[in-house]
Amino acid sequence: MLWPHYLISIIFFTSGIFHFVKPKAFMRIMPLYLPFHRFLVYLSGGIEIIAAILLLLAATRSIGLWLVLILLILFIPVHIYMIQNKKASLNLPGYVLWSRLALQFLCIYWVYYLIKHP
């Protein structure tokens, strides 16, 4: 069953590209305590693209899933910051921001399941 890997690949590839196309949008949601916002946006976007490509190849799929899992965990503070900071919230309602955080944990579980059940 490869469709989950392809779906995750499409999502992360698209998101990674947008890190380069619209970096200011991603810098806006980064917690202020993190340094070098632009660099981190480009770095995370590049890693998302690499992970997406790795998911497409059977020989590297496991590495791609682990990269995605690490990124999903690393992005949790961004979701929390968006809940706490009005400017970073992108004017989204609270229930949407909380739902995004819950979805993040669901995605973490899903990717971890895919790692454990290849």
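Quantities reported herein were computed from a predicted structural model and do not represent experimental measurements. (Residues numbered from 1 in each chain as written. Predicted model: local features only at pLDDT ≥ 70, side-chain atom pairs only at ≥ 80, totals over all residues. Heavy atoms only, no water.)

A. Molecular detail of the environment of Gln104. Looking at the secondary structure, you find Gln104 in helix H6 (residues 94–116). Separated by 16 residues in the primary sequence, Gln104 and Ala88 place their C-alpha atoms 17 Å from one another. (Helix = DSSP H or I, 4+ residues; strand = E, 2+ residues; numbered from the N terminus.)

B. Spatial organisation of helix H3 (residues 37–56). For H3, built from 20 residues, the straight-helix expectation of 28 Å at 1.5 Å per residue is met to within 8% by its first-to-last C-alpha distance of 29 Å. All buried positions along H3 are accounted for by His37, Val41, Ser44, Gly45, Glu48, Ile49, Ala51, Ala52, Leu54 and Leu55. The elements touched by buried residues of H3 are helix H1 (3–21), helix H2 (23–28) and helix H4 (61–74). (Expected span 1.5 Å × (residues − 1). Buried < 20%, exposed > 50% of the residue type's maximum accessible area, 1.4 Å probe, protein only. Contact = heavy atoms within 4.5 Å.)

C. Structural view of the packing of helix H5 (residues 76–84) against H6. Two numbers describe how H5 lies on H6: the axes approach to 9 Å, and their chain directions differ by 170°. The angle between the axes of H5 and H6 places the two elements in the roughly antiparallel class. Helix-helix and strand crossings are classified by hand; for H5 and H6 the assignment is left-handed. Note on element contacts: H6 touches H5 through Leu97, Trp98, Arg100, Leu101, Gln104, Phe105 and Ile108, opposite Ile76, His79, Ile80, Met82 and Ile83. (Axes fitted to C-alpha atoms, helices over the stretch in contact; angles between N-to-C directions. Parallel < 35°, antiparallel > 145°, perpendicular 65-115°, else oblique. Left-handed = near helix turned anticlockwise from the far one by under 90°.)

D. Expanded view of the side chain of Ser9. Here Ser9 is to be found in helix H1. The class of Ser9 is buried, set by a relative accessible area of 5%. Those residues in contact with Ser9, other than ones at most four positions away along the chain, are Ala52, Ile53, Leu55 and Leu56.

E. Local environment of the packing of aromatic side chains. A full pass over the atoms with the stated rule returns two aromatic pairs. On the numbers, 6.4 Å between centres and 40° between planes, the contact of Trp3 with Trp110 is tilted. Here Trp110 lies in helix H6 and Trp3 lies in helix H1, a separation of 107 residues in the sequence. The exposed category is assigned to Trp3, whose relative accessible area is 52%. Overall, the relative accessible area of 27% leaves Trp110 in the partly exposed class. Between Phe20 and Tyr42 the ring centres are 5.3 Å apart and the planes differ by 10°, which places this aromatic pair in the stacked class. Here Tyr42 lies in helix H3 and Phe20 lies in helix H1, a separation of 22 residues in the sequence. Under the relative-accessibility criterion, Tyr42 is labelled partly exposed at 30%. (Phe/Tyr/Trp six-rings, centres within 6.5 Å; stacked < 30°, edge-to-face > 60°.)

F. Molecular detail of unusual backbone geometry. The phi dihedral of Phe36 is positive, around 50°, even though this residue is not glycine. Taking relative accessible area as the criterion, Phe36 reaches 63% and is therefore assigned exposed. Here the phi dihedral of Leu90 falls at roughly 60°; this positive angle occurs in a residue that is not glycine. Considering the arrangement of structural elements, one finds Leu90 in the loop between H5 and H6.

G. Up close: the environment of Ile76. Summarising the element assignment, Ile76 is placed in helix H5. Each C-alpha atom, one on Ile76 and one on Arg38, is 18 Å from the other, the two residues being 38 residues apart in sequence. With residues near it in sequence (within four places) discarded, Ile76 still touches Leu101, Gln104, Phe105 and Ile108.

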